[in-house]
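A closer look at the structure
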Amino acid sequence: IDTLEQLAEVKRTVVEIATDTAVLNADDQQTPGMSAFTQAKFVCYVTMDPAHALVREHIRAGGRAIALEAGVNGEMITIYDRGAHIPLLWTHLIPATLEGRATFNVQNAMFAAAMAFAMGVRLEDIRHGLRTFDTTFFQAPGRLNVYDQHPFKVLFDYGHNAHAVEALCQLVNRMTPTGRRLCVLSAPGDRRDEDIMAIATVAASAQFDHYICRRDDALRGRGDDEIPRMLMQGLLAAGIPDDHITMIVDEQQAIEAALNMARAGDLLLVFADALARGWKQIVNFHPDESAR
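Calculation notes
- Residues numbered from 1 in each chain as written.
- Predicted model: local features only at pLDDT ≥ 70, side-chain atom pairs only at ≥ 80, totals over all residues.
- Heavy atoms only, no water.
- Pairing = 2+ DSSP bridges.
- Helix = DSSP H or I, 4+ residues; strand = E, 2+ residues; numbered from the N terminus.
- Right-handed = clockwise from strand over helix to strand, strands pointing away.
- Phe/Tyr/Trp six-rings, centres within 6.5 Å; stacked < 30°, edge-to-face > 60°.
- Buried < 20%, exposed > 50% of the residue type's maximum accessible area, 1.4 Å probe, protein only.
- Lys NZ or Arg CZ within 6 Å of the ring centre and 35° of its normal.

Digging into the pairing of strand β3 (residues 64-71)
- Bridge analysis of strand β2 (residues 42-47) against β3 gives four bridges, and the strand direction is parallel. Residue pairing across strands places Val46 opposite Ile66, the latter belonging to β3.
- Regarding topology, helix α2 (residues 53-60) serves as the crossover connection from β2 to the parallel β3, and that connection is right-handed.
- Note that β3 and strand β4 (residues 74-81) share seven bridges and pair antiparallel. Note on β4: the bridge partner recorded for Gly71 is Gly74.
- The antiparallel hairpin formed by β3 and β4 contains two residues in its connecting segment.

With respect to the packing of aromatic side chains
- Counting across every chain of the model gives seven aromatic pairs.
- With 5.3 Å between their ring centres and 0° between their planes, Phe137 and Trp279 make a pair best called stacked. Highlighted residues: Phe137 in the loop between α4 (123-132) and β6 (145-147) and Trp279 in helix α9 (residues 275-283), separated in sequence by 142 residues.
- The class for Trp279 is buried, based on a relative accessible area of 9%.
- Between Arg64 and the ring centre of Phe42, over which it is positioned, the NZ or CZ distance is 4.3 Å.
- Lying across the ring of Phe208, Arg181 places its NZ or CZ 5.5 Å from the centre.

This is the structure we're talking about:
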């Protein structure tokens, strides 16, 4: 598998064997065409674009869809089904979306709602599930965990590809902290060189005030400092000044350095590997007086 097109063909197997409902991401160019390969009774498109032409045509033909619609009070997840228009829930009421700012979790919530609706779950139960699921470490370890008990805020996530890193960086841009923005950056060793450089490039586009490049515990065939050096080179090539970058190979030491660097009002984004250990390190950290 060398291309997204090949990967999409493999993943299409799920759609091909579906018998009741095929839930498809209308916003991904690889996905809508999969509807031609399913024998499912229903096709349900999910879109964050209320002007999506294909989904609009599908809805007008009586098809099923989950769409994100703008309203006076924010953005509403809406279900369309055989001519019915069913407002489900405002996105800012879903804890996992951080008041709607984490758009990737808005999309995740939409897919969860689509699958639950297809399985016959009651609307109120879908709403209750979305309202009560959050991204605490205990419910979703390594998935947008937020720790705000220090004078600064920490985002903790196992982002392990360029798309995930970009999504988290975009979220940081929407959060507008009062202080600096810091990032502990890494990549798994078994990624292609171009994938690792892509991670550095999208991280650089967020213009953090400081980056700490580290490696994962599992080298996955790479040299001890190979990944952090590649990330550092990628950041430099993208225009990040060298005095805004630190290389600390060990993950625990990198997180400790970032925590010590953070001051009141700062936002620290940690891309983590050893999740339980890293989270415990953040929770047990004691800021000195200069961080208060």
